[in-house]
Amino acid sequence: MKAKIIHPQSNIILPHDARVVFLAGPVQGADDWQMQLGEQLAEQLEDIFIATPRVPKKDNSFDYLRQVSWEKTHLQLAANNGILVFWFAAQNPNLDYESGRAYAQTTRLEIGRAFGWLDHNPDLKLVVGFDKDYAKNGGGSERYIRTLCAEHDISLTTSIEDTVSKILMLALPNSK
């Protein structure tokens, strides 16, 4: 089976042993990096689900509780049998953004959760990267996250292409 990109409105229920790559990172105020990364992965992987919290623009329905539940479920699936990917994309100041909200606020909470899991499961597969412009327009916690990565011997990625390569190395351990 070719890799499949799924999102909260996909209405696909995954089995508990599904292989999942979860693409965590800013949605509000960020360009659609998830689709770019997801499509590159889907071309090269099989028998895996690529979970993105970003709902396609054509779908205007938004249910906060459904979204949060979906994200938590798929983060856990990826932690148990897949790869957690955190890409801290640069904020695009030209995009609409919910006022009063810190940029990448949810992502920063989710990566804290992932590092907690990593403390108890050193086999957890975690990829973390920062766009070179992440901190320019309000990106926060970068220094702290970089410190956590160094403590856990996680080398950071610096581009979508670098992130794809690292995911492929983890997903296809017998390849170069």
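We now turn to the structure provided with this report. (Residues numbered from 1 in each chain as written. Predicted model: local features only at pLDDT ≥ 70, side-chain atom pairs only at ≥ 80, totals over all residues. Heavy atoms only, no water.)

### Let's talk about the nonpolar core
Using the following cut-off: As used here, the term nonpolar core means buried Ala, Val, Leu, Ile, Met, Phe, Trp, Tyr and Cys residues forming a set that is joined through side-chain atoms within 4.5 Å. Relative accessibility under 20% of the residue-type maximum defines a buried residue, over 50% an exposed one, and the middle range a partly exposed one, all with a 1.4 Å probe and only protein chains included. Whether two residues are in contact is decided by their heavy atoms: any pair within 4.5 Å suffices.
Among the nonpolar cores identified, the biggest contains 53 residues, and Leu41, Leu84, Phe86, Leu126 and Val128 are the most heavily contacted of them. Once residues lying within four places of it in the same chain are set aside, the contact partners of Phe86 are Ala24, Thr107, Glu110, Ile111, Ala114, Leu126, Val127, Val128 and Gly129.

### Here's the deal with the pairing of strand E4 (residues 82–88)
What counts, and what does not: A run of H or I in DSSP becomes a helix once it reaches four residues, and a run of E becomes a strand once it reaches two; helices and strands are each numbered from the N terminus. Strands qualify as paired when DSSP identifies two bridges or more between them.
Here E4 lies mainly inside the structure; 7 of its 7 residues are buried. Sheet topology note: the strand E2 (residues 20–24)/E4 ladder contains 5 bridges and is parallel. Directly across from Val20, in E4, lies its bridge partner Gly82. Where E4 meets strand E5 (residues 126–130), 5 bridges bridge the pair, whose relative direction is parallel. Paired with Trp87 across the two strands is Gly129, which belongs to E5.

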